[in-house]
Amino acid sequence: MRIDAHQHFWRIADRVGQWPPSELQAIHRDFLPDDLAPLLDTAGIDGTVLVQTMENEADTGFMLDLADRTPFILGVVGWTDMKAPAAPANIARLARHPKLKGFRPMLQDITEDNWIDDPALDAAVAAMIEHRLVFDALVLPRHLEPLLNFARRYPDLPIVIDHGAKPPISEGRFIGWYARMRLLSELPNVHCKLSGLLTEAGDQKPQAVRPYAETIFDLFGRKRVIWGSDWPVLRLAGEYRAWLEQCLDIVPDDSHGDVFGGNAQRFYRLEV
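Residues numbered from 1 in each chain as written. Predicted model: local features only at pLDDT ≥ 70, side-chain atom pairs only at ≥ 80, totals over all residues. Heavy atoms only, no water.

**Q** Would you mind going over the packing of helix H1 (residues 33–43) against helix H9 (residues 240–250) with me for this structure?
**A** To characterise two packed helices, one gives the angle between the axes of the helices and the distance between these axes. Close contact between H1 and H9 brings their axes to 9 Å; oriented N to C, the two are set at 35°. As H1 runs across H9, the sense of the crossing is right-handed. On H9, the residues that touch Leu36, Leu39, Leu40, Thr42 and Ala43 of H1 are Tyr240, Arg241 and Leu244. Its residues placed into classes, the contact of H1 with H9 shows 6 nonpolar, 1 polar and 1 charged. (Axes fitted to C-alpha atoms, helices over the stretch in contact; angles between N-to-C directions. Helix = DSSP H or I, 4+ residues; strand = E, 2+ residues; numbered from the N terminus. Left-handed = near helix turned anticlockwise from the far one by under 90°. Contact = heavy atoms within 4.5 Å. Nonpolar A, V, L, I, M, F, W, Y, C, P; charged D, E, K, R; others polar.)

Following this line, the structure appears as structure tokens:
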């Protein structure tokens, strides 16, 4: 199967005061399964992983409800307050849904860069491991050192770095991002998504993405790189099928089965 391991749905009415702002006209509207289904059919995508975009459990409930009614949604990455006293109980409750596969705190929006490097997460992480859930790391390069400490502290927690940690492609900077990603890639519980890079390229040509994408593949290898579209955010920078074809060209042919489906199935334990 070919799987898109990172896409979003939302209703603008639920997002008053939240991102995206109205100036981002390409994505400032409702995006629901009927909008994505034709793109999946055209691109030959068999299923998706739906990922949270808001810091509340109502959004997680909305996604799980969509998953109940949408066969192509194979898994959901939700949100819960991982430092709340009730976090273990909340995780256990949400994990009862068979399509709930993991959680994602919105680290890129948290003021404290070291939020993730905190033993206060012990109870929540223990509950995630108990229920065989995974951790999506929505981080920027400045979070990579705290994320490294987090990944070392919890070697039994499967972790995936979303969007390659959003490298500064538009600024042409590479070395600092690469050094920290290399250390993370040495940990067997850490994976990386080949997603979101086109948005980070800014005004540069799509070809600017290639050195960063090739580096991700070189560091994490064919068994720990997971492709995703980041649709509909992708609409700010390109089109669905064009991004897929660009990545198919970058990833060696003999790794397509893993990167574009098999790794997502294994990492998220998708029932297909």
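Picking up after the structure, the text goes on.
**Q** Would you mind showing me how to read the pattern of salt bridges here?
**A** Pairs can form between side chains of opposite charge whenever their charged atoms are close. The final tally for this structure, using the stated rule, is 18 salt bridges. The partner of aspartate 117 in a salt bridge is arginine 153, and the shortest N-O contact between them spans 3.0 Å. Of the two residues, aspartate 117 is situated in the loop between strand E4 (100–103) and helix H4 (122–130) and arginine 153 in helix H5 (residues 144–153); the sequence distance between them amounts to 36 residues. The class for aspartate 117 is partly exposed, based on a relative accessible area of 24%. Of the charged contacts, one joins arginine 173 and glutamate 171 as a salt bridge, the two residues approaching to 2.4 Å between their closest N and O atoms. Bridged by salt links that share partners, the residues Arg104, Asp136, Asp162 and Lys193 form one connected network. (Salt bridge = Lys/Arg side-chain N within 4 Å of Asp/Glu carboxyl O. Buried < 20%, exposed > 50% of the residue type's maximum accessible area, 1.4 Å probe, protein only.)

**Q** Which parts of the structure should I look at to understand the nonpolar core?
**A** The nonpolar side chains of soluble globular proteins are, as a tendency, buried together. Judged by nonpolar contacts, the single largest core of 81 residues is most densely connected at Phe135, Phe150, Ile161 and Trp227. With residues near it in sequence (within four places) discarded, phenylalanine 150 still touches Ile116, Leu121, Val125, Phe135, Leu157 and Ile159. Leu74, Val77, Val134 and Leu270 belong to the second-largest nonpolar core, a separate cluster that totals 13 residues. (Core = buried A, V, L, I, M, F, W, Y, C linked by side-chain atoms within 4.5 Å.)

**Q** What is the right way to read the pairing of strand E5 (residues 134–137) from this model?
**A** Put simply, side chains in a regular strand alternate between the two faces of the sheet. The side-chain alternation of E5 yields two buried faces, one formed by Val134 and Asp136 and the other by Phe135 and Ala137. Summarising the sheet, E4 and E5 pair through 2 bridges and their orientation is parallel. Looking at E5, one finds that phenylalanine 103 is bridged to phenylalanine 135. Each parallel crossover has a hand, and the one from E4 via H4 to E5 is right-handed. (Pairing = 2+ DSSP bridges. Right-handed = clockwise from strand over helix to strand, strands pointing away.)

**Q** Hey, could you run me through the side chain of serine 185 in this one?
**A** Among the structural elements, serine 185 can be located in helix H6 (residues 175–185). The buried category is assigned to serine 185, whose relative accessible area is 8%. Beyond its immediate chain neighbours, meaning those up to four positions away, serine 185 contacts Leu219, Phe220 and Arg224.

**Q** Would you mind showing me how to read the packing of aromatic side chains here?
**A** Note on aromatic pairs: each is described by the distance of the centres and the angle between the planes. Evaluation of the coordinates by the stated rule reveals 14 aromatic pairs. Ring centres of phenylalanine 31 and tryptophan 231 lie 5.2 Å apart, and the angle between their planes is 85°; this geometry places the pair in the edge-to-face category. Of this pair, phenylalanine 31 sits in the loop between strand E1 (3–7) and H1 while tryptophan 231 sits in the loop between strand E8 (225–227) and H9, and the two are 200 residues apart along the sequence. Given the relative accessible area of 0%, phenylalanine 31 is considered buried. For tryptophan 231, a relative accessible area of 3% puts it in the buried group. (Phe/Tyr/Trp six-rings, centres within 6.5 Å; stacked < 30°, edge-to-face > 60°.)

**Q** Whenever I open this one, the sheet that holds E4 confuses me. Can you help?
**A** Strand pairing in a sheet takes place through backbone hydrogen bonds and is either antiparallel or parallel in direction. The sheet built from 8 strands is open, its strands ordered E1-E2-E3-E4-E5-E6-E7-E8 with parallel pairing. The sheet is open, and its two edges are formed by E1 and E8, each paired on a single side. Averaged over all neighbouring strand pairs, the angle between strand axes comes to 30°, with direction disregarded. The pairing of strand E7 (residues 190–194) with E8 spans 3 bridges and is classified as parallel. Across the sheet, the residue bridging to leucine 194 is tryptophan 227, located in E8. Strands strand E6 (159–161), E7 and E8 of the sheet are contacted by helix H8 (residues 210–220), whose axis makes an angle of about 155° with E7. Set on the sheet, H9 makes contact with E1, E7 and E8; between it and E8 the angle comes to about 155°.

Taken by themselves, the reported measurements are silent on function.
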